[in-house]
Amino acid sequence: MKILIANLGSTSFKYRLFDMDDSNAAQLASGGYERVTDYTNCIEDMLETLVGEGHLQSGEEIDAVGFKTVLGKDLSGCVTADARVLEALEGFKEVAPAHNPAYATGIRCFAEKLPTVPRVALFETAFYQWMTPAAYNYAIPQAWRDLGIRRYGFHGASHKFVAERSAEMLGNEVVAERVRQLYVDGPGEYEGAPLRVLSCHLGGSSSVTGIQNGVAIGASMGFSPQGGLPQNNRVGDLDSMAIPYVCKMLGISVEEAERQLNKESGLLGLSGVSNDARDICEAIEAGNENAQLAIDVLIDSIRHWAGSFFFKMGGAEAIVFTAGIGENDADLRASVCAGLEDLGVQIDPLANAKAIRGAEGIISSPDSKIKVLVIPANEELVIAREVFRKVKAS
Ligand code: ADP
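Every residue gets a number counted from 1 within its own chain, in the order that chain's sequence is written. Under the rules for a predicted model, residues below a pLDDT of 70 receive no local features and side-chain atom pairs below 80 are neither given nor counted, while totals for whole chains, interfaces and linings still include all residues. Each side-chain value is derived from all of the structure's non-hydrogen atoms; neither hydrogens nor water enter the calculation.

Novice: Explain the sheet that holds strand β8 (residues 206–212) to me, please; I cannot follow it from the model alone.
Specialist: Strand pairing follows a simple DSSP-based rule, namely that at least 2 bridges must link the two strands. Runs of H or I in DSSP of at least four residues are treated as helices and runs of E of at least two as strands, each being numbered from the N terminus. Reading across from one edge, β9-β8-β7-β10-β12-β11 is the order of the 6 strands in this open sheet, with mixed pairing throughout. Both edges of this open sheet fall to β9 (215–219) and β11 (361–362), since each of them pairs with a single strand only. Here β11 runs beside strand β12 (residues 371–374); their pairing, made up of 2 bridges, is antiparallel. Note on β12: the bridge partner recorded for Ile362 is Leu373. What makes two residues a contact is simply this: any of their non-hydrogen atoms within 4.5 Å. Note on geometry: axes are C-alpha line fits, over the in-contact stretch for helices, and angles between N-to-C directions span 0 to 180 degrees. Packing of helix α13 (residues 289–313) onto the sheet brings it into contact with β7 (196–202), β8 and β9, and relative to β8 it is tilted by some 10 degrees.

What follows is the structure, given as structure tokens:
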């Protein structure tokens, strides 16, 4: 089955073409465009390229197009990208302004160019569909809750991949299969051995998720991807009273406060150096105290959220690190896991230092009760797998 994954930014269009079957996913081609003003031109150019390179006879040979949609109003899951999806994206365009309009336009363009090819949307919130009301509700008035203000959770594709892959690595095939079928069959009842995972996606944007027997029980990200851990330029958790106070004291508008919290906060705001952890680590080497503070706040926040899920799940069998920072920064991984020996976490310093990006690794010592894993993120592949499962099941 040939599955095309379209990754749409407000001014970019990236794609990957996979050839999938039940056990394998081969990437046939990838490409992208920057400074995009018209997705239709990109789609035409992409199809010409894919046909020219011999990957396809024509666009109609594609079995499905998958979209990593972010946030839909009253809609989540892995679903046919139809009018309902467009309406859901429109309903929350203010909350995800960089993503929702781009995906709505992209889905429409594909519908026009390749009307016979099925389109599937995998919402980043999908993995959190089974959180309990206690986990997803904020303590706000009913009228606010009626607007859909609640915790949704994001990075769902990445955390679901971690759920599946960690189960495979730890030999729990029952959980792995449960995760594979999650968006097709739902979670159902679970009676196997427990597998509680603290999944840390640490990259340009970061989140921690508690995964119990393959199902997410909570998320650090909230109503928008703005919540939870400090991100590259974004604030993460902030007491809501800070916004009206700052608007009054600095004489700025809510829109300006929102811009500063989105663009000038997070690791950039704290360090004053960069939004990139590599630059911040260099500045730490040079003795920059604010750079050190930025990383310390990030580590503290990861421990805060991981600790919360550890408590809620009554323990953990594994801690997983994924994405740019999680896969590359051995010092940060060691700091996150420091002092947890009494809980059963024992890092193997050599294995930790040796774990490199793009390679899976177990970085805990053999007798560590809680295993610590590094699992490379590959979001396009995750989406391709979900789209494949969805199309095959329909
Ligand atoms: P994104 O989250 O932006 O899609 P990534 O998951 O690749 O992409 O994460 C990017 C982040 O990974 C960068 O902002 C950078 O801070 C971090 N990163 C990459 N390499 C390293 C490294 N060697 N050490 C620390 N951080 C790194």
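Novice: Explanation requested: the site of the ligand in the structure shown.
Specialist: For the ligand, the full set of nearby residues is Gly203, Gly204, Ser205, Asp276, Ala277, Arg278, Ala323, Gly324, Ile325, Asn328, Asp329 and Arg357. A distance of 2.9 Å is found between an oxygen atom of the ligand and a backbone nitrogen or oxygen belonging to Gly324. Definition of a polar contact: a pair of N or O atoms within 3.5 Å, with one able to donate and the other able to accept a hydrogen when the atoms are protein atoms, and with sequence-neighbouring residues admitted only if both atoms are side-chain atoms. Asn328 places a polar side-chain atom, nitrogen or oxygen, 3.2 Å from a nitrogen atom of the ligand. Using a 1.4 Å probe, the Shrake-Rupley method yields the accessible areas, and only the shown protein chains count as cover for residues. Look at the ligand: alone it shows 560 Å² of surface, and the protein chains cover 67% of it. For the shell around the ligand, the elements supplying multiple residues, two or more each, are α12 (277–285) and α14 (323–328). Examining the composition of the shell around the ligand, we find that 4 residues originate from one element, α14, more than from any other. Three classes are used, and their members are as follows: Ala, Val, Leu, Ile, Met, Phe, Trp, Tyr, Cys and Pro are nonpolar, Asp, Glu, Lys and Arg are charged, and the others, Gly among them, are polar. When its residues are assigned to classes, the shell around the ligand shows 3 nonpolar, 5 polar and 4 charged. Whether a residue is near a molecule or strand depends on its heavy atoms: if one lies within 4 Å, it is near.

Novice: When you look at a negative patch on the surface in this model, what are you seeing that I'm missing?
Specialist: The grouping of Asp279, Glu282, Glu285 and Asp331 at the surface amounts to a negative patch. When residues of the negative patch are assigned to their parent elements, the largest contribution, 3 residues, is made by α12. In this fold, Asp279 is placed in helix α12. A relative accessible area of 35% places Asp279 in the partly exposed class. Candidates for patches are residues over 30% relative accessible area with no salt bridge; among them, like charges are joined within 9 Å and nonpolar side chains (Val, Leu, Ile, Met, Phe, Trp, Tyr) within 5 Å. Salt bridges are defined by distance alone: a side-chain nitrogen of Lys or Arg within 4 Å of a carboxyl oxygen of Asp or Glu. Lys and Arg are tallied as positive, Asp and Glu as negative. Neither His nor the chain termini are counted. We put the charge of a Lys on NZ, of an Arg on CZ, of an Asp on CG and of a Glu on CD. Type-normalised accessible area, obtained with a 1.4 Å probe on protein chains alone, sets the label of each residue: buried when under 20%, exposed when over 50%, and partly exposed for intermediate values.

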